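# Fold and geometry: a report
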Amino acid sequence: MRILRHLLVLLMHLVLGSGAQRFSNGYYYQDIIHGNGNGNDNGEIYFHKIRLHVESPETLVSAVQGSNVTLPCHYRYEPALSEPRRTRVKWFWQPVSDEGRERDVMVAIGTRHRSYGDFKGRVRLRRSAPGDASLFINPLQSDDTGRYRCEIIDGLEDESVTVHLKFRGVVFPYHSPRGRYLMNFHEAKEACEKQDAHLATFEQLYAAWEEGLDWCNAGWLMDGTAQYPVVVPREACGGTDLAPGVRSYGVRDKSLDRFDAFCFTSSIRGEVYFLQHPIKLNFTEAAEVCQNDGGRIAKVGQLYAAWRFVGLDQCDAGWLADGSVRYPIIQPRMNCGTSEPGVRSFGFPPKHLKHGVYCYKVHW
Ligand SMILES: *[C@@H]1O[C@H](CO)[C@@H](O)[C@H](O)[C@H]1NC(C)=O
Ligand SMILES: *[C@@H]1O[C@H](CO)[C@@H](O)[C@H](O)[C@H]1NC(C)=O
């Protein structure tokens, strides 16, 4: 494509003959006018020996669902221009789930811009400086991840750069209230969704392992494999012969095989809080007091997200929507579980027992 354009420029040069001018900085500029030929705004101008550079300081960006994000993209001319030019900026998106097709996100010329599809009303260019074509997305929705391409178009020239967007999230192991290794793939998928999460992908579990997730029970992943992350190899956990890593049982039968689940959540839409209440509550009462407080009893995924992204630290065991009792710790301390930060679990105690409760509320 570029070669074709250069040929075209060369050809036009031959046809037009004159028009070449030499400027004092030693660069050779060539203007070619299309359209009515009198050099007004309708014409497209091609600069010879001026290069359009497009770059991104950060080609992998991660963000939390429900928050906002800026995908960086900058362009400049080399050598620098004295006059600003009419440059068109286009952003495209290719979802992770659809390797083939690129979709339009937005197009902007000067101060005019237009956004498309699901991005309508949620995107704009940052324009914090000349040449800043960074894309601002607010809020981030659940399926915005993928590959974004920033294309700068100046007349016949175009250059682009690609930025990958992924969700920053937290992976947590989950098992059925009835016990360990009881869920087939479909049940595991549903269990995660009930906790405001999704089955984790291998990349997400791997990233969690890199951050220190060590769990000795195999869980389903989105790709239909069952795996578990080991940081410290030990006898009780597959033996000491194997190196630390994510260990896989491979692709399993989605209906017949049964494991736990690894769920992934990335959402900070609402607020999770430990309800201050004068007395402890059984499970039914716990769900009620959250409703009376204008919220709902929190889900496991919501508690993990609040712990991870909001820094919720509370040394009080509380009921959650699935009937489990947990509490989130950021600063490990005496009488608050083990020496590592994390969400502690007391499993699924009988529902008449009395505990505190974690509620969840969305503020509008
Ligand atoms: C974008 O998110 C940040 C927090 O990540 C927040 O401080 C800021 O106000 C948000 N900007 C807008 C325009 O909503
Ligand atoms: C919780 O206590 C209430 C009385 O306050 C009772 O009606 C209810 O059955 C109890 N629920 C459970 C699960 O024990």
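What counts, and at which threshold
Residues numbered from 1 in each chain as written. Chains lettered and ligands numbered in written order. Predicted model: local features only at pLDDT ≥ 70, side-chain atom pairs only at ≥ 80, totals over all residues. Heavy atoms only, no water. Helix = DSSP H or I, 4+ residues; strand = E, 2+ residues; numbered from the N terminus. Buried < 20%, exposed > 50% of the residue type's maximum accessible area, 1.4 Å probe, protein only. Contact = heavy atoms within 4.5 Å. Disulfide = S-S within 2.5 Å. Near = heavy atom within 4 Å. Polar contact = N/O pair within 3.5 Å; in protein donor to acceptor, adjacent residues only side chain to side chain. Phe/Tyr/Trp six-rings, centres within 6.5 Å; stacked < 30°, edge-to-face > 60°. Lys NZ or Arg CZ within 6 Å of the ring centre and 35° of its normal.

Looking now at unusual backbone geometry. At the junction of Glu 78 and Pro 79, the peptide bond is cis and its omega measures out at 0 degrees in the coordinates. By secondary structure assignment, the location of Pro 79 is in the loop between strand S6 (74–78) and strand S7 (88–95). Of note, the bond from Asn 138 into Pro 139 is cis; its omega dihedral lies within 30 degrees of zero at -5 degrees. Relative to the assigned elements, Pro 139 resides in the loop between strand S11 (135–137) and strand S12 (146–154). For Arg 127, which is not glycine, the phi dihedral falls at a positive 50 degrees.

With that settled, the discussion passes to the environment of Leu 303. Relative to the helices and strands, Leu 303 is located in helix H5 (residues 300–310). A residue is classified by how much of its surface remains accessible, and Leu 303, at 0% relative accessible area, is buried. C-alpha of Leu 303 to C-alpha of Cys 359: the two residues are 56 residues apart in sequence and 9.1 Å apart in space. Other than its neighbours up to four places away in sequence, Leu 303 contacts Val 272, Leu 312, Leu 320, Arg 326, Pro 328, Val 343 and Tyr 358.

Under the counting rule described, the total for this entry stands at five disulfides. Residue pairing for Cys 216: its cysteine sulfur links by disulfide to Cys 237, the two sulfurs lying 1.9 Å apart. With Cys 216 in the loop between helix H3 (202–210) and strand S16 (219–220) and Cys 237 in the loop between strand S17 (225–230) and strand S18 (245–251), this residue pair connects regions lying 21 residues apart in the sequence. Classification of Cys 216 by relative accessible area gives partly exposed; the value is 27%. Its relative accessible area of 1% is what places Cys 237 among the buried residues. Bridging Cys 315 to Cys 336, the disulfide has an S-S length of 2.0 Å. Given an S-S torsion of about -120 degrees, the disulfide between Cys 315 and Cys 336 has left-handed geometry. Here the residue Cys 315 occupies a position in the loop between H5 and strand S22 (318–319), and Cys 336 occupies one in the loop between strand S23 (325–329) and strand S24 (342–345), the gap between them amounting to 21 residues. Cys 315 gets classed as partly exposed once you look at its relative accessible area, which sits at 28%.

Moving on: the site of ligand 1. Close to ligand 1 lie Asn 68, Phe 136 and Asn 138, which account for all nearby residues. Contact distances for ligand 1 include 2.3 Å between an oxygen atom and a side-chain N or O atom of Asn 68. Between an oxygen atom of ligand 1 and a side-chain N or O atom of Asn 138, the distance comes to 3.3 Å.

Enumeration over the complete set of coordinates arrives at 16 aromatic pairs. Ring geometry for Phe 172 and Tyr 304: centres 4.6 Å apart, planes at 10 degrees, overall stacked. Taken together, the residues Phe 172 in strand S14 (residues 170–174) and Tyr 304 in helix H5 connect sequence positions 132 residues apart. Among the aromatic residues, those joined into a ring-pair cluster are Tyr 181, Phe 185, Trp 220, Tyr 228, Tyr 249 and Phe 259. The aromatic ring of Phe 185 is capped on one face by Lys 254, whose charged end is 4.4 Å from the ring centroid. In this structure, Lys 351 packs its charged tip against the face of Phe 283, placed 4.7 Å from the ring centre.

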